[in-house]
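Below are the chains, spelled out letter by letter.
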Amino acid sequence: MKRDIHTKDYILFIEAWCLLALARFFIYLFPFKYIVLILERKPNNSNANKSVNPVILDEISTAIRRGCSHSFWKTKCFEQALAGKIMLNRRRIECSVYFGVADNGVFMAHAWLECDGRTITGGKGKDKFAVINKF
């Protein structure tokens, strides 16, 4: 039995999938100092949403997860956080991308996206990482 996907969900999925591809392209082609320009970009404060609708955050989070599961390339935490940041900025919703590191015998790095106290992407295991930067 096939699930009925609403048009809005399908459009969000297409947007997320395209932005995941774009994020992957940016990460592999451009130095981090140029990607930081995207990360530091904030939505226009005069029009920024003061109260964030949690339904929108859930829809974007779901769209990114679906985009990851239907991509033929590997989508890691950084691509997901970057795509989510762009999606939220387009909707004038302020959010933050966190970068963390952990050293449990093996050095590991992780990125996740948070908005209004909620984790949008990369929430799995984020507590194991020490935050080194936030954009």
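Below is a summary of the structure that appears in this document. Just so you know, these numbers come straight off a predicted model, no measurement behind them. (Residues numbered from 1 in each chain as written. Predicted model: local features only at pLDDT ≥ 70, side-chain atom pairs only at ≥ 80, totals over all residues. Heavy atoms only, no water.)

**Re the packing of aromatic side chains**
Operational definition: Aromatic pairs are defined between Phe, Tyr and Trp rings, using the six-membered ring for Trp, whenever the two ring centres lie within 6.5 Å; interplanar angles under 30 degrees are classed as stacked, those over 60 as edge-to-face, and all others as tilted. Every helix listed is a DSSP run of H or I at least four residues long, and every strand listed is a run of E at least two residues long, numbered separately from the N terminus. Each residue's exposure class comes from its accessible area (1.4 Å probe, protein chains only) as a fraction of the maximum for that residue type: buried when under 20%, exposed when over 50%, partly exposed otherwise.
Under the defined criterion, the tally for this structure stands at 13 aromatic pairs. For the ring pair Trp17 and Trp73, a centre distance of 5.1 Å and an interplane angle of 55° mean the geometry is tilted. Placement of Trp17 in helix H1 (residues 7-29) and of Trp73 in the loop between helix H3 (54-69) and helix H4 (77-90) is noted, with a sequence separation of 56 residues between them. Here the aromatic rings of Tyr98 and Trp112 are separated by 5.8 Å at their centres, their planes lie at 10°, and the arrangement is stacked. A residue pair is termed long-range when its members are at least 10 positions apart, and Tyr98 in strand E1 (residues 96-103) and Trp112 in strand E2 (residues 107-115) qualify at 14 residues. We note that Tyr98, like Trp112, is buried. One aromatic cluster is present, formed by Phe32, Phe78, Phe99 and Phe135 through successive ring pairs.

**Let's talk about unusual backbone geometry**
Note: most peptide bonds trans; most residues except glycine with negative phi. In this model, Arg92 sits at a positive phi of 60°, which is unusual for a non-glycine residue. According to the relative accessible area criterion, Arg92 is partly exposed, its value standing at 41%. You will see that Asp116, though not glycine, has its phi angle at about 55°, which is positive. Along the polypeptide, Asp116 turns up in the loop between E2 and strand E3 (118-121). Assessed through its relative accessible area of 56%, Asp116 is described here as exposed.

**A short note on the state of the cysteines**
Just so we agree on the cut-off: By convention in this document, the label disulfide applies to cysteine sulfur atom pairs within 2.5 Å.
The tally for this structure, following the rule as stated, stands at zero disulfides. Unpaired in terms of disulfides, Cys18 finds its nearest cysteine sulfur in Cys68, a separation of 13 Å. Given the relative accessible area of 41%, Cys18 is considered partly exposed. For the unlinked cysteine Cys95, the closest cysteine sulfur is that of Cys115, found at 5.8 Å. The class of Cys95 is buried, set by a relative accessible area of 2%.

**Digging into the pattern of salt bridges**
To be explicit about the condition: Salt bridge, as applied in this entry: a Lys or Arg side-chain nitrogen positioned within 4 Å of an Asp or Glu carboxyl oxygen.
Under the counting rule described, the total for this entry stands at six salt bridges. With a shortest N-O distance of 3.3 Å, Glu79 and Arg24 are connected by a salt bridge. With Glu79 in helix H4 and Arg24 in helix H1, the pair connects residues that are 55 residues apart, well separated along the chain. With its nearest N and O atoms 2.3 Å apart, the salt bridge here joins Arg118 to Asp58. Linking Arg118 in strand E3 with Asp58 in helix H3, this pair joins segments that are 60 residues apart in sequence. What makes Arg118 partly exposed here is its relative accessible area of 30%. A network of salt bridges, in which partner residues are shared, links Glu15, Arg90 and Arg91.

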